[in-house]
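What the coordinates show
Next come the chains, spelled out residue by residue.
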Amino acid sequence: MGTALVTGASYGIGADIARALAARGHDLILVARGAESLDRLAADLAAVRGVRARTLPADLTDGADLERVASAAYGADILVNNAGAGLGRSFERTRWADEQRMLDLNVVAPARLIHAALPAMLRRGDGRILNVSSVAAAGPVWQGTSYGAAKAFGLALTESLAYTRLLRASPVALTALVLGHTTSQFHERAGIPPSPPLLTLASPYVAERAVRAIHRRRPPVTCVPSLRYKLLAGLLRHTPRRLLALPGLADDFTTAGPGADRPAAADTEAGAAQPVGARTGPGEGRSVGADGEYGVLPAETRGHGERQP
Ligand SMILES: NC(=O)c1ccc[n+]([C@@H]2O[C@H](COP(=O)([O-])OP(=O)(O)OC[C@H]3O[C@@H](n4cnc5c(N)ncnc54)[C@H](OP(=O)(O)O)[C@@H]3O)[C@@H](O)[C@H]2O)c1
C-alpha cells in the first residue's frame, strides 16, 4: 500500500485526507506543529484502521524543521502538500515577517518537499503527489492579498511538472487539488468571516474525492471537487480581468473592513500584524490573543467586513 506523508494533518482538510488514506490501508507520516493533535489522530487511525501512523511535529516555515520533513518525504510513496494558510489583510497593510511566513508555508515548503520526493519516486517507478491549491489561484478573487498568488504557485508547479514527457511516460503522477470554500479552521485563522454555507464543501467530502483521484491508474493533473467549483474555477480562468473590478464579483481587501483606512506601517512596531495559520490549542479553533505568537491585533480581525470570494 505504501506510506503517505501528509502536511497540515493536525486538523482541517489534512486530517480528513489522512483519514481517507488510512481507510485505503496506507501507513502515514503526519506533519504539523500541533504535536498533541497529531498524536491523537495517529492513535485513532492505528486503532480504527490498523495502519502505522508516525507523527512528525514540525513548523514548515522553519528551515531546519523543513529539512527533517524533506528527509521523510524522500521515502514516501505519497506526498500530500496540504499545510497552508491565508493572510486576510491587503498586501500594503501586512508586516513583511507575516508575508514571509505565508510564502514559506504555501510556496517554499511544498516546493522543497516535491524536490525531495519526486526523484526518489521516479527511481522507484511509483508515487503520487497531491498539492492542495485553491480557486483563488485561478484568478484575482482575493484582491489586494498575496494568498492567491501563493496558491497559484502550487498549481503552476504541478502543471509544469505533470505535463512533461518524463512524467507523462512515468507511473509517478502529480495532482493539484483546486478547492473552493471548505469547512476547516482556515477562515478563522486568516481573520476573515466563515464562508457562505451555500458555497461551502464538507472537508471529508473533498478529502475523499482527492484521495480517490490520486488512486486512479492515471490521476488527473487538476482535481476540482464539486461541479459548482469546476464551473466557477473554469469561469474565473477566462473572465476578463477588468470585470473582476466590478463590485461584488471579487473581494477587494484594500477597500473594505476595519483598518482599511489605516496608513501603511507594515514593518514598524505599529504595523498591522496578521497571523499566518496562527497556532491555537489543539483543535480548539480559537485565534491567538493580543499578545499571540504573531502579534495578532484581534480588534482588527474581529468583525472584518469583507466577504470571502
Ligand atoms: N478551507 C478552505 O476554504 C480552503 C480553500 C482553498 C484552499 N484551501 C487550502 O487547503 C489547505 C488546508 O487548509 P485548511 O482549510 O484545512 O486550513 P486549517 O484548518 O487552518 O488547517 C491548516 C493545517 O496546516 C497546518 N499548519 C499551519 N501552519 C503550519 C506551519 N507553519 N507548519 C506546519 N503546519 C502548519 C495546521 O496545523 P498546526 O497549526 O498544528 O501547525 C493545520 O493542520 C491549505 O493549503 C489551504 O490553503 C483551503
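Presented here is an overview of the structure given in this document. (Residues numbered from 1 in each chain as written. Predicted model: local features only at pLDDT ≥ 70, side-chain atom pairs only at ≥ 80, totals over all residues. Heavy atoms only, no water.)

1. Notes on unusual backbone geometry
We count it as follows: Here a helix means four or more residues in a row that DSSP labels H or I, a strand means two or more in a row labelled E, and each is numbered from the N terminus. Here the term buried applies to any residue with accessible area under 20% of the maximum for its type, exposed to any over 50%, and partly exposed to those in between, with areas from a 1.4 Å probe on protein chains only.
For Ser226, which is not glycine, the phi dihedral falls at a positive 85 degrees. Among the structural elements, Ser226 can be located in the loop between strand E8 (222–223) and helix H9 (227–238). Among the residues examined, Ser226 registers a relative accessible area of 8% and is labelled buried.

2. A look at the nonpolar core
Put simply, the rule reads: Throughout this description, the term nonpolar core refers to a set of buried Ala, Val, Leu, Ile, Met, Phe, Trp, Tyr and Cys residues connected via side-chain atoms within 4.5 Å. Contact between two residues is taken to exist if any of their heavy atoms lie within 4.5 Å; hydrogens are not considered.
Ranked by size, the top nonpolar core spans 40 residues in total, and within it Ile17, Leu21, Leu28 and Leu30 carry the most contacts. In terms of residue count, the dominant contributor to this core is helix H1 (residues 12–23) (seven residues). Once residues lying within four places of it in the same chain are set aside, the contact partners of Leu28 are Thr3, Ala4, Val6, Ala18, Leu21, Ala22, Leu45, Arg52, Ala53 and Arg54. Counting residues in each nonpolar core, the second largest holds 29 residues, with Val69, Ala76, Leu79 and Ala85 among its members.

3. Observations concerning the pairing of strand E5 (residues 128–134)
For the record, the criterion: In this description, strands pair whenever DSSP reports at least two bridges between them. Handedness of a crossover: with both strands directed away from the viewer, a clockwise path from the first strand across the helix to the second marks it as right-handed.
Among the seven residues that make up E5, seven are buried, leaving the element largely enclosed by the rest of the structure. Note that strand E4 (residues 78–81) and E5 share four bridges and pair parallel. Bridge pairing in E5 links Leu79 to Ile129. Between the parallel pair E4 and E5, the chain is carried across by helix H4 (residues 96–124), and the sense of this crossover is right-handed. Strand direction decides the pairing type here: E5 and strand E7 (residues 173–179), joined by seven bridges, are parallel.

4. Some details on the sheet that holds E4
We count it as follows: Axes here refer to lines fitted to C-alpha atoms; in helices the fit is confined to the stretch in contact. Angles between the N-to-C directions go from 0 to 180 degrees.
Taken together, seven strands build an open sheet; the order of strands is E3-E2-E1-E4-E5-E7-E8 and the sheet is parallel. Of all the strands in the sheet, the pair left with one neighbour each is strand E3 (53–57) and E8. Inspection of the sheet shows strand E1 (residues 3–7) paired to E4 by three bridges, in the parallel sense. The residue bridging Leu5 from the neighbouring strand is Leu79, located in E4. Running over the sheet, H4 touches E1, E4, E5 and E7 and is turned about 170 degrees from E4.

5. Observations concerning the pattern of salt bridges
Spelled out, the test is: One side-chain nitrogen of Lys or Arg within 4 Å of one carboxyl oxygen of Asp or Glu is enough to make a salt bridge.
Enumeration according to the criterion identifies nine salt bridges in this entry. Here Glu67 ties to Arg112 by a salt bridge, and the two come within 2.8 Å at their closest N and O atoms. Here Arg112 lies in helix H4 and Glu67 lies in helix H3 (residues 63–74), a separation of 45 residues in the sequence. Ionic contacts of the salt-bridge type, sharing partners, join the residues Arg24, Glu208 and Arg212 into one network.

6. Observations regarding the site of the ligand
Condition: Neighbouring residues are identified by heavy atoms, a residue being near a molecule or strand if any of them is within 4 Å of it. Within 3.5 Å is the distance limit for a polar contact, defined as a pair of N or O atoms, with the added protein rule that one can donate a hydrogen and the other accept it, and that residues adjacent in sequence qualify only through two side-chain atoms. Where accessible areas are quoted, they stem from the Shrake-Rupley method and a 1.4 Å probe; at the residue level, only the protein chains shown are allowed to cover.
Neighbouring the ligand are 32 residues, the closest being Arg33, Asn82, Tyr147, Lys151 and Ser184. Within the contact set of the ligand, an oxygen atom lies 2.7 Å away from a backbone nitrogen or oxygen of Asn82. For the ligand, whose free accessible area comes to 890 Å², the fraction covered by protein is 98%. Elements that contribute at least two residues to the shell around the ligand include exactly H1, E5, helix H5 (147–162) and helix H7 (186–190).

7. Considering the environment of Ala202
Its location among the elements puts Ala202 in the loop between H7 and helix H8 (203–214). For the pair Ala202 and Ser184, spaced 18 residues apart in sequence, the C-alpha to C-alpha distance is 8.6 Å. With residues up to four places along the chain from it excluded, the contact list for Ala202 reads Thr182 and Thr183.

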